[in-house]
Amino acid sequence: GQSLEQPSEVTAVEGAIVQINCTYQTSGFYGLSWYQQHDGGAPTFLSYNGLDGLEETGRFSSFLSRSDSYGYLLLQELQMKDSASYFCAVKGGGADGLTFGKGTHLIIQP
Amino acid sequence: ETGVTQSPTHLIKTRGQQVTLRCSSQSGHNTVSWYQQALGQGPQFIFQYYREEENGRGNFPPRFSGLQFPNYSSELNVNALELDDSALYLCASSSPDSYGYTFGSGTRLTVV
């Protein structure tokens, strides 16, 4: 089976930097992805890490350490619109779907 | 690109009834998958279709079934609805050359 652990809630200040951690246990591993979901909205793909290291896309960066079964999403220059739930997800391989964590609710304060 | 569209957006059904949810995948995406998202939880994988065949399934009973059509659109059918089936049902499409999935906004199903 597969399981992912991430904090349920994180609070940060507008303009600051926040890191959302994710640890996983999987029987197969084909990469760690991150998705953003606003209340009532569709999950939106943010990033993917298939190999160890840092991937940067604008204000968002994602990191993976396969030896530690650990990754994180880093959000810089936080804006009020970044208030949302953030999910890490792993794909076990082949035709397996994504297994999602329970999500981290990010609260941005002015 | 038109993205992924799902219909209906909301639905109320009675326990024991059957329901069909529909999804139009993003242009160029030949793989479609369905997820169930309970309130406050992450999406859970139901099954995946590729070239009109189910080629992956999560831990859901057989009363959850689906179809994929030649234009890559898809249906999710749920028989003998139970109260616990109340959730947001998400459709996602993907292509072989992309790591990301494109999700629709979902169908909110309420079983009473």
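Look above for the structure.
Residues numbered from 1 in each chain as written. Chains lettered and ligands numbered in written order. Predicted model: local features only at pLDDT ≥ 70, side-chain atom pairs only at ≥ 80, totals over all residues. Heavy atoms only, no water.

Caption draft 1: Spatial organisation of unusual backbone geometry. Note that the residue after S7 of chain B, namely P8 of chain B, is joined by a cis bond; omega there is -10 degrees. Relative to the elements of secondary structure, P8 of chain B occurs in the loop between β1 (5–7) and β2 (10–13). (Helix = DSSP H or I, 4+ residues; strand = E, 2+ residues; numbered from the N terminus.)

Caption draft 2: Fine view of the nonpolar core. Counting 21 residues, the largest nonpolar core has L32, W34, L75, Y86 and L106 of chain A as its most contacted members. Where this core is concerned, the elements lending two or more residues are β2 (9–13), β3 (18–25), β4 (32–37), β7 (60–65), β8 (70–75), β9 (84–91) and β11 (104–109) of chain A. Contact partners of L106 of chain A, with chain neighbours within four places excluded, come to V10, V18, L75, L78, D82, S83, A84 and Y86 of chain A. Counting 19 residues, the second-largest nonpolar core is a separate cluster that includes W34, I46, L76 and C91 of chain B. (Core = buried A, V, L, I, M, F, W, Y, C linked by side-chain atoms within 4.5 Å. Buried < 20%, exposed > 50% of the residue type's maximum accessible area, 1.4 Å probe, protein only. Contact = heavy atoms within 4.5 Å.)

Caption draft 3: Quick look at the environment of Y72 of chain B. With respect to the helices and strands, the residue Y72 of chain B is situated in the loop between β7 (64–68) and β8 (74–78). When residues no more than four places from it in sequence are discounted, the contact partners of Y72 of chain B are S25, H29, N30 and V32 of chain B.

Caption draft 4: Spatial organisation of the interface of chain B and chain A. Of the residues lining the interface, 18 residues belong to chain B; the matching set on chain A comes to 15 residues. Summing both sides of the interface, chain B and chain A together bury roughly 1400 Å²; the carbon and sulfur share of this comes to 59%. The three residues of chain B that bury the most area against chain A are Y99, Y101 and F103 of chain B, which together make up 36% of that side's buried surface. In this assembly, chain B and chain A are joined by zero salt bridges. Counting across the chain B and chain A interface gives four residue pairs in polar contact (both at pLDDT 80 or more). Counting residues per element, the ones that place at least two in the side of chain B that touches chain A are β4 (31–37), β5 (44–50), β6 (53–57) and β9 (87–94) of chain B. Across the side of chain B that touches chain A, the residue classes tally to eight nonpolar, 10 polar and no charged. (Buried area = accessible area lost by both parts, 1.4 Å probe. Salt bridge = Lys/Arg side-chain N within 4 Å of Asp/Glu carboxyl O. Polar contact = N/O pair within 3.5 Å; in protein donor to acceptor, adjacent residues only side chain to side chain. Nonpolar A, V, L, I, M, F, W, Y, C, P; charged D, E, K, R; others polar.)

Caption draft 5: Structural detail: the sheet that holds strand β1 (residues 3–5) of chain A. Residues and elements named next belong to chain A. The five strands lie next to each other as β1-β3-β8-β7-β6, forming an open sheet whose pairing is antiparallel. Edge strands, defined here as strands with exactly one partner in the open sheet, are β1 and β6 (53–57). When strand polarity is set aside, the average angle formed by the axes of neighbouring strands in this sheet is 20 degrees. With six bridges connecting them, β3 and β8 associate as antiparallel partners. Across the sheet, C22 pairs through a bridge with G71, a residue of β8. (Pairing = 2+ DSSP bridges. Axes fitted to C-alpha atoms, helices over the stretch in contact; angles between N-to-C directions.)

Caption draft 6: Examining the state of the cysteines more closely. Residues and elements named next belong to chain A. Evaluated as defined, the whole model comprises two disulfides over all chains. Shown here is the disulfide that connects C22 with C88, its sulfur atoms set 2.2 Å apart. Because the torsion about its S-S bond is 80 degrees, the bridge between C22 and C88 counts as right-handed. Taken together, the residues C22 in strand β3 and C88 in strand β9 connect sequence positions 66 residues apart. For C88, a relative accessible area of 0% corresponds to the buried category. (Disulfide = S-S within 2.5 Å.)

Caption draft 7: Representation of the pattern of salt bridges within the structure. Residue and element names in this part refer to chain A. Under the criterion given, the structure shown has six salt bridges over all chains. For R66, the salt bridge identified is with D52, shortest N-O distance 3.1 Å. With R66 in the loop between β7 and β8 and D52 in the loop between β5 (44–49) and β6, this pair connects stretches of sequence that are 14 residues apart. When the shortest N-O distance is used, the salt bridge between R59 and D82 registers 2.8 Å.

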